[in-house]
Amino acid sequence: MRLAILTDIHANREAFEAVLQDLAARKIDRLVFLGDIVGYGPDPGWCIDKVAELVAQGAVAVRGNHDRAVGVPDGALNTNARRVIDWTVNQLSVPQKMFLADLPLTHEDDDILFVHASANDPAGWIYVTNESRARPSFIVSEARVILVGHVHKPHLYSCDRTGRVMGHEVPQGHPVPLLRSRRWLGVVGSVGQPRDGSSLSGYAILDKRANELTFRRVGYDSATTARKVRAAGLPEALAARLIRGE
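Remember, predicted model here, so these are calculated numbers, not experimental data.

Chemist: Quick question: what am I supposed to make of the nonpolar core here?
Modeler: Generally speaking, nonpolar side chains in soluble globular proteins are found buried as a group. Grouped together as the largest cluster of nonpolar side chains are 42 residues, with contacts concentrated most on Leu6, Phe16, Leu31, Phe33, Ile37 and Leu100. With 6 residues, the top contributor of residues to this core is helix α1 (residues 13-24). Once residues within four sequence positions are removed from consideration, Phe16 is found in contact with Leu6, Ile9, Phe33, Trp46, Cys47, Lys50, Val51, Leu54 and Val191. Counting 19 residues, the second-largest nonpolar core is a separate cluster that includes Phe114, Val145, Leu147 and Leu213.

This is how it looks when you write it as structure tokens:
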């Protein structure tokens, strides 16, 4: 089975559509969404409806911190993020808000765990940015493969039988063998707001049969999304970062 892993769409319709179009040319058995469907971007309603449609067709989705913030005030969000969430709330219908509220924090599929931020504290919204921050997820979870988002930058970590955690390079477009002598944690890049210096949308494909994880990048019309951010009266910094990928 081949799983397409998408995370941090952040109400970016153009990026989301570009990734779905890229996936149409590949053999994918199931879509998995790792949270933050909304936040930062100008098309929250459309993105929620699309994810809901795909979930109804068999996709899996978990909740991110921006999704939660639509229904529960989150003082941890920065000023721009809070401003967009306040705007987003007024753009959404009751069913759309209920869809976000009903999303689980985690989902397990055999020996794979899906969560937005970290396995050790799914509701704590911890950023897994290095080996020390990846280690607690390996300690708490027995999953062989843990897939997360939240960071907006792709990363890959492994844990050997002694508990040693190592970071690994993330080659784009080339399958990474997930050796069974180790356990793995993959941080999937953002669909709608990449922050690694590239404006290209990011996602990943997990091939369960081949036991491989492939990180992919896809170009999209970020200029159009940026114009829509400005037209909605959202912070200029959020439009500019789409172009710069930071």
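Chemist: Just to check I follow, could you spell out helix α2 (residues 44-56) for this structure?
Modeler: The α-helix advances 3.6 residues per turn, and as a result positions three or four apart in sequence lie on the same side. Along its 13 residues, α2 runs 18 Å from first to last C-alpha, staying within 8% of the 18 Å computed at 1.5 Å per residue. Within α2, burial applies to Pro44, Gly45, Cys47, Ile48, Val51 and Leu54. Buried residues belonging to α2 abut α1, β2 (30-33), β3 (60-61), α4 (79-89) and α5 (94-102). At the C-terminal side of α2, Gly58 shows a positive phi close to 120°.

Chemist: Help me understand the packing of aromatic side chains in this model?
Modeler: To describe a pair of aromatic rings, one takes the distance between the centres and the angle between the planes. Throughout the structure, instances matching the rule amount to 2 aromatic pairs. Here Phe16 and Phe33 contribute two aromatic rings whose centre-to-centre distance is 5.9 Å and whose plane-to-plane angle is 85°, an arrangement assigned as edge-to-face. Here Phe16 is found in helix α1, whereas its partner Phe33 is found in strand β2, with 17 residues between them in sequence. With a centroid separation of 6.0 Å and 85° between ring planes, the pair formed by Phe16 and Trp46 is classed as edge-to-face. Of the two residues, Phe16 sits in helix α1 while Trp46 sits in helix α2, which places them 30 residues apart along the sequence. Overall, Trp46 belongs to the partly exposed group, its relative accessible area being 25%. Taken together, the aromatic side chains of Phe16, Phe33 and Trp46 make up a single cluster linked through ring pairs.

Chemist: Honestly, the layout of surface pockets in this entry has me stumped. Any pointers?
Modeler: Gaps left between atoms are located by rolling a probe of water-molecule size over the structure's atoms. Volume-wise, the largest pocket comes out at about 200 Å³. Together, 16 residues line the largest pocket, and Asn65, His66, Leu77, Tyr127 and His150 are the ones closest to its centre.

Chemist: Whenever I open this one, the packing of helix α7 (residues 222-231) against helix α8 (residues 236-244) confuses me. Can you help?
Modeler: Put simply, α7 and α8 touch, their axes get as near as 8 Å, and they point 180° apart. Taken together, the axis directions place α7 and α8 in an arrangement best described as roughly antiparallel. Taking contact as the criterion, the partners of Ser222, Ala223, Thr225, Ala226, Val229 and Arg230 in α7 are, on α8, Glu236, Leu238, Ala239, Leu242 and Ile243. Along the lines of polarity and charge, the residues of the contact of α7 with α8 split into 7 nonpolar, 2 polar and 2 charged.

Chemist: Mind showing me how you'd approach the sheet that holds strand β12 (residues 212-218) here?
Modeler: Two strands in a sheet stick together by hydrogen bonds in their backbones, pointing the same way (parallel) or opposite ways (antiparallel). The strand order β3-β2-β1-β11-β12-β9 describes an open sheet built from 6 strands, whose pairing is mixed. Either end of the sheet is taken by a strand with one partner, and the two such strands are β3 and β9 (176-177). By the bridge criterion, 2 bridges tie β2 to β3 in an arrangement that is parallel. Residue pairing for β3: Val32 is matched across the bridge by Val60.

What counts, and at which threshold
- Residues numbered from 1 in each chain as written.
- Predicted model: local features only at pLDDT ≥ 70, side-chain atom pairs only at ≥ 80, totals over all residues.
- Heavy atoms only, no water.
- Core = buried A, V, L, I, M, F, W, Y, C linked by side-chain atoms within 4.5 Å.
- Buried < 20%, exposed > 50% of the residue type's maximum accessible area, 1.4 Å probe, protein only.
- Helix = DSSP H or I, 4+ residues; strand = E, 2+ residues; numbered from the N terminus.
- Contact = heavy atoms within 4.5 Å.
- Expected span 1.5 Å × (residues − 1).
- Phe/Tyr/Trp six-rings, centres within 6.5 Å; stacked < 30°, edge-to-face > 60°.
- 1 Å grid on protein atoms, 1.4 Å probe; cavity = no way out; pocket = protein on both sides within 12 Å on 5 of 7 lines; lining within 4 Å.
- Points joined across faces, edges and corners; volume = space filled by probe spheres on them.
- Axes fitted to C-alpha atoms, helices over the stretch in contact; angles between N-to-C directions.
- Parallel < 35°, antiparallel > 145°, perpendicular 65-115°, else oblique.
- Nonpolar A, V, L, I, M, F, W, Y, C, P; charged D, E, K, R; others polar.
- Pairing = 2+ DSSP bridges.

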